[in-house]
Structures are given as structure tokens and as C-alpha cells.
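Here are the chains, one letter per residue:
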Amino acid sequence: MVTLAEVAQHAGVSASTVSYVLSGKRSISANTRQRVERSIRELGYHPNAGARALASSRSNIIALMIPLRTDMYVPVMMEIAIAVATAARTHGYDVLLLTGEEGPDAVRRVAGSGLADGMILMDVELDDERLPLLRATDQPSVLIGLPADTTGLTCVDLDFRATGALCVEHLAKQGHQDIAVIGEAPAVYERHTGFAERTLDGLRSRSRELGVRLLHRPCEGGYDAMAVTLARILDERPDTSGIIVQNESAVEPLLALLRQQGRAVPEDVSVVAICPDQVATQASVRLTSVAIPAQEMGRHAVEHLVAKFEGRGSDEVVLLAPELTVRGSTGPAPTRP
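Here the residue numbers are simple positions, counted from 1 along each chain's written sequence. Totals for whole chains, interfaces and linings use every residue, but because this is a predicted model, local features are given only for residues with pLDDT of at least 70 and side-chain atom pairs only at 80 or more, for both listing and counting. Derived side-chain values reflect all non-hydrogen atoms in the structure, with water molecules and hydrogen atoms excluded from consideration.

- As annotated in an unreviewed UniProt entry, the protein chain carries the name Putative HTH-type transcriptional regulator CelR and comes from Streptomyces afghaniensis 772.

1. Some details on the domain arrangement of the protein chain
Line of reasoning, step 1. Domain annotation of the protein chain identifies domain 1 (4-47), domain 2 (61-158 + 294-320) and domain 3 (160-291).
Line of reasoning, step 2. Taking only C-alpha atoms into account, the centre of domain 1 sits 33 Å from that of domain 2. What marks off one domain from the next here is an automatic or database domain assignment.

2. Quick notes on the pairing of strand 3 (residues 118-121)
Line of reasoning, step 1. A 1.4 Å probe rolled over the protein chains alone gives each residue an accessible area, and that area as a share of the maximum for its type sets the label: buried under 20%, exposed over 50%, partly exposed in between. By the criteria applied, helices consist of DSSP H or I runs no shorter than four residues and strands consist of E runs no shorter than two, each listed in order from the N terminus. Burial of strand 3 is two-sided: the residues G118 and I120 facing one way and the residues M119 and L121 facing the other way are all buried.
Line of reasoning, step 2. Relative to strand 3, strand 1 (residues 61-65) is paired through 4 bridges, and the arrangement is parallel. Bridge pairing in strand 3 links I62 to G118.
Line of reasoning, step 3. Pairing between strands requires that DSSP locate at least two bridges from one strand to the other. Two strands pair when backbone bridges link them, and strand 3 and strand 4 (residues 141-144) are joined in this way by 3 bridges, in the parallel orientation. From the neighbouring strand, I120 faces strand 4, where its bridge partner is V142.
Line of reasoning, step 4. Whether a crossover is right-handed comes down to one check: with the strands pointing away from the viewer, does the path from the first strand over the helix to the second run clockwise; if it does, it is right-handed. As for the winding sense of the linkage, the β-α-β connection from strand 3 through helix 7 (residues 131-136) to strand 4 is right-handed.

3. Side note on the pattern of salt bridges
Line of reasoning, step 1. For salt bridges, the criterion is a side-chain nitrogen of Lys or Arg within 4 Å of an Asp or Glu carboxyl oxygen. Going through the model one piece at a time under the given rule, you end up with 18 salt bridges.
Line of reasoning, step 2. Between R206 and E169 there is a salt bridge, with its nearest N and O atoms 2.7 Å apart. Here R206, found in helix 10 (residues 194-210), pairs with E169, found in helix 8 (residues 160-173); they are 37 residues apart in sequence, far enough to count as distant.
Line of reasoning, step 3. Close ionic contact of R213 with D178 constitutes a salt bridge, the shortest N to O distance being 2.8 Å.

4. Thoughts on helix 6 (residues 104-113)
Line of reasoning, step 1. All of the buried residues along helix 6 are P104, A106, V107 and V110. Each buried residue of helix 6 sits inside an arc of 160 degrees when the element is viewed along its axis, so together they form one side.
Line of reasoning, step 2. By definition in these notes, contact holds between two residues if any of their heavy atoms fall within 4.5 Å. Where helix 6 is buried, its residues contact strand 1, strand 2 (94-98), strand 3 and helix 7.
Line of reasoning, step 3. Downstream of helix 6 by a residue or two, G114 has a phi angle that is positive, lying close to 75 degrees. For this quantity, the arc is that covered by the directions from the helix axis to the C-beta atoms.

5. Some thoughts on empty space enclosed by the protein
Line of reasoning, step 1. Cavity and pocket criteria rest on a 1 Å grid covering protein atoms alone: a 1.4 Å probe that fits but cannot get out defines a cavity, protein on both sides within 12 Å along at least 5 of 7 lines defines an open pocket, and an atom within 4 Å of a point defines a lining residue. Grid points are joined across faces, edges and corners, and a volume is the space filled by probe spheres set on the points. According to the stated counting rule, one finds 1 cavity of 30 Å³ or more in the structure shown.
Line of reasoning, step 2. As a volume, the largest cavity reaches approximately 320 Å³.
Line of reasoning, step 3. As for the largest cavity, its lining consists of 21 residues, of which M72, V76, M77, F160 and F195 are closest to the centre.
Line of reasoning, step 4. For the lining of the largest cavity, the secondary structure elements donating two or more residues are helix 5 (74-90) and helix 10.
Line of reasoning, step 5. Across the lining of the largest cavity, the residue classes break down as 13 nonpolar, 4 polar and 4 charged.
Line of reasoning, step 6. Looking at which domains feed residues into the lining of the largest cavity, each of domain 2 (61-158 + 294-320) and domain 3 (160-291) supplies at least three. Asp, Glu, Lys and Arg are counted as charged, while Ala, Val, Leu, Ile, Met, Phe, Trp, Tyr, Cys and Pro are counted as nonpolar; the rest, among them Gly, fall into the polar class.

6. Observations regarding the packing of aromatic side chains
Line of reasoning, step 1. Ring geometry is summarised as follows: Phe, Tyr and Trp rings, the Trp one being its six-membered ring, pair when their centres sit within 6.5 Å, and such pairs are stacked at plane angles under 30 degrees, edge-to-face over 60 and tilted between the two. Considering all chains together, one arrives at 2 aromatic pairs under this definition.
Line of reasoning, step 2. Between Y93 and F309, the ring centres sit 5.1 Å apart and the planes meet at 35 degrees, which makes this aromatic pair tilted. Remark: F309 occurs in helix 14 (residues 294-309) and Y93 occurs in the loop between helix 5 and strand 2; sequence separation between them is 216 residues. Taken individually, Y93 and F309 each receive the classification buried, so the pair is uniform in this respect.

7. Looking at the side chain of S207
Line of reasoning, step 1. By secondary structure assignment, the location of S207 is in helix 10.
Line of reasoning, step 2. Any pair of N or O atoms that falls within 3.5 Å is considered a polar contact. Within protein, one atom must be able to donate a hydrogen and the other to accept it, and sequence-neighbouring residues count only if both atoms are side-chain atoms. From its side chain, S207 meets the backbone oxygen of L203 in a polar contact 2.7 Å long.
Line of reasoning, step 3. Among all residues touching S207, those that are not within four sequence positions of it are V168, V212 and L214.

Pasting the structure below:
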């Protein structure tokens, strides 16, 4: 393993000069810095992480708090996590993944221990209990998600309110007047998870504006739960001709149940999904959908956090505009006899 002393000898400088180049604590001439950096590359030197942290008071680690709950679609969460890790690496940071449902304790542990230079929080609730502690600490942080009060916070998210409105508009333009929404599991709404609540707000607001009847029913996902939910929807609103799904686990069971009942998609029922493109394009019917921009969300979160590390960042809310892709699952509302 290459040592700092060997880098110094190769570059023709003192060991302390190499240390200053690595830590940035002293001004070094451009020519000397270039020689040291060239020696580091040629020799393949990697500073000891513990020693580097002690020398610079920085860990070069970002803590990503991502509670993995059974009622959430984990592949989407992990896609965002991978995007965070990839973007962090391009800036020279590694990612510490915290997956437990620790709430404020996790924030307190990271902020008080020096484990990480900053935090990115996911699965944000409208009244998230982690936020008071987050506001009280001086450690930089970014939320992937939107709480009810964003004062003093930096947030990145898909504009889920606009997403809900966009889905309703698409179906209303096709003449659908009775629309059902198959939502996330009941526990997601009981926690007042931000993305689900904001989607529902957009759906309801735009439906009222357009004079469309809207029925929302949470669903655990899976075939049995979907069968019960669909039966309830069609019992309560027999003229339902448009369905919006915000629950990846319910997509394929829904399509299977509609086939079994002799309801053709899109001739009898149109279906719009809020889901990753992979789910929409690999379904048994290619779904018209609004994609979850996981890559962009993760990248934006890291860039805003790194800007805070460098003294360039400020508290702001970044909402990514939704894009609806029309595929084979939506069409004109059927003519009723």
C-alpha cells in the first residue's frame, strides 16, 4: 500500500506539503499542487479515511435516511438511493445508508457523532417528527420529499400535486366523468406521507375544477387486496370508466382482474399509473403513466447538499415537473347506453 511519505518522495516535496494539498488547509502553489496530484494518480495513493477525517474535520460521508417499510414500493426507494450514491461519488463522497425506522434518534445520532458531513432524508411526512431536530442542528441537510412547512429546509421532489392534476386532466379530455383512484396502502395515508397526500390533493382539486366525479380507495396491493378494492369501487360507482393507480404492487393484479371480468383496456376502462417507466412498460398492457424521476431526484438532492458544504447553498424547494407519457392503456370513454 502506497504511503504519504512515498508520494512526497515521488513528487519531490515534504510529507507536510502532501498533507496540505489533501486537506486544503494551506495555500500551495499551483505548480506544486499539480506535481503532488500527479504523483497521487501515478502511484494510486488513497488517503486513510480515518486520518483524513481527523485532519480535516470532515468525513466525506453523506448519511441517507431511507426507512424501508413493508407498505412502500422498495424498488423505487432503492433506485433513488443508488442515484444518491452515484452522484455523491462524483463529488468525492461515500454514502452511509440508514434503513431503520428510528425517526429523530437517527438524526440525533448522525448530528452528534460526526458520522457524516450532512444528511439526506427520504420518506418525508407532512408533519415529520424528524424536522424540529433537523432545524435545530447546524449540519447541512436536504429532504427528498415535501413536508407541510418547508421553512428553513431544502427540499427536492416530484411535484406530486401537479402529477395528480395531470392524470385527471388526461382522462377528462378523453370524456371520462367517473374516475377511481387506487392509492397506496392505508398506512401510508395514516402517516400522512407527503407524496401520497399531495397527489390526492391534486387529484381532488382538479376533479372539482373539471366537474369530474372522483373516488379514492387505498389498497394494500397484491391480488386479493386488489380484488376487494376493485369490487368495492365498481359496487359504489358502476359507471367508473377511468382508473388512476398510485400503487406499483396493485398494477398487474388490477389488469388481471379487469381481464377476468371481461373489461377491455382501454376500450371499456382506461388506466393511468403513477409509477416508474419500467413498471409501466413491462405491464401486460403498456400503461399511460407519469414516471417517478428517481435519478433526477437523487442527483438534485446531492448537488444541493454539496453546495451547502461549499457555502454556496440556500434553503429552497425544488419541484420537478411531471411528464405524462401516453401509451396503450387510455382512450375515449365508452358510450353508455
